[in-house]
Amino acid sequence: MDAIILLGGPGAGKGTLADALRKQKGFFHVSTGDMLRAAVKSGSDVGLEVKSCMESGELVPDSVVLNIIKERVTRESSSAQFMFDGFPRTLEQAEGLHTFFSEIGGVITHVFNLDADREALICRLTARRTCKTCGAIYHIINMPSKVDGICDVDGGELYQRADDSEETILNRLEVYQKQTAPLIGYYRDLGLIRDIDAGGSAAETEALVLAVLNG
Ligand code: AMP
């Protein structure tokens, strides 16, 4: 069993890339953001615990995230290749993943560091729209749906994430710099970082990543 990690600030294009890699390479997509949003929506105990952190753009506690990851990976242990999107986000999570994953014979093969400048990230997040039912991601200018406000894939309603407001975006960027960016050095020391210029189109980013995977 092996895994790749998609690392990058909010708006770097992790979700869009994950969707493309799932379709092309058959990775099993594990997004902690999607799982936590689902927990909030369902009103579960975990959802109630993390709701306010998520709304303000702060990270939810490491223990909560590590538990949902362990549960998901254990449930899907037949999946040969995992793709972690938005996880790990702190050194403690990275160490927790390392311990847990090696115990079950898992190996992390690549950590893609999706790099884009701050202006590009802010522009993408303010223009992002997401399908309420299938989670497909659009950009109102660069990647619009065919019909305004309606998902091309399943006709679902497109919405703007509550944490994509300008004030919360700035906090999320700061949280990324302080708590997540140190992971680049951590994984570089382990020889796992693959630097990807994610400032171009989604197709360009995807081609750069596929070149590494198909290497
Ligand atoms: P995302 O969809 O990856 O942008 O995540 C949305 C929000 O969910 C983040 O701003 C955090 O509040 C929370 N979250 C997602 N993944 C993690 C994680 N690995 N660790 C802590 N909080 C997370």
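A brief report on the enclosed structure follows. This one's a predicted model, so the numbers in the text were calculated from it and none came from an experiment. (Residues numbered from 1 in each chain as written. Predicted model: local features only at pLDDT ≥ 70, side-chain atom pairs only at ≥ 80, totals over all residues. Heavy atoms only, no water.)

## Quick word on the sheet that holds strand 1 (residues 2-8)
For step 1, the next point in the chain: Ordered by their spatial adjacency, five strands build an open sheet running 2-3-1-4-8, and the pairing between neighbours is parallel. With partners counted over all chains shown, the strands left at the sheet margins are strand 2 (28-31) and strand 8 (193-197), one partner each. Strand-to-strand twist across the sheet, computed as the mean angle between neighbouring axes with direction ignored, equals 20°.
For step 2, the next point in the chain: The pairing of strand 2 with strand 3 (residues 81-85) spans four bridges and is classified as parallel. (Pairing = 2+ DSSP bridges. Helix = DSSP H or I, 4+ residues; strand = E, 2+ residues; numbered from the N terminus. Axes fitted to C-alpha atoms, helices over the stretch in contact; angles between N-to-C directions.)

## Side note on the packing of aromatic side chains
For step 1, the next point in the chain: A complete count under the given rule lists six aromatic pairs for this structure.
For step 2, the next point in the chain: Aromatic pair Phe 82 and Phe 84: ring centres 6.1 Å apart, planes at 5°, arrangement stacked. One exposure class covers both Phe 82 and Phe 84, and it is buried.
For step 3, the next point in the chain: When the centroid spacing of 6.5 Å and the interplanar angle of 80° are considered together, the rings of Phe 82 and Phe 101 count as edge-to-face. Of the two residues, Phe 82 is situated in strand 3 and Phe 101 in helix 5 (residues 91-103); the sequence distance between them amounts to 19 residues. With respect to burial, Phe 82 and Phe 101 carry one shared label: buried.
For step 4, the next point in the chain: Ring pairing ties together the aromatic residues Phe 28, Phe 82, Phe 84, Phe 87 and Phe 101, which thus form one cluster. (Phe/Tyr/Trp six-rings, centres within 6.5 Å; stacked < 30°, edge-to-face > 60°. Buried < 20%, exposed > 50% of the residue type's maximum accessible area, 1.4 Å probe, protein only.)

## Quick notes on the pairing of strand 3
For step 1, the next point in the chain: Most of strand 3 sits inside the fold, with four of its five residues counted as buried.
For step 2, the next point in the chain: One ladder, built from five bridges, connects strand 1 with strand 3; its direction is parallel. Following the sheet pairing, Ile 5 is matched in strand 3 by Phe 84.

## Some remarks on unusual backbone geometry
For step 1, the next point in the chain: Here the amide bond leading from Phe 87 into Pro 88 is cis, since omega sits at -5°, within 30 degrees of zero.
For step 2, the next point in the chain: Checked against the element boundaries, Pro 88 lands in the loop between strand 3 and helix 5.

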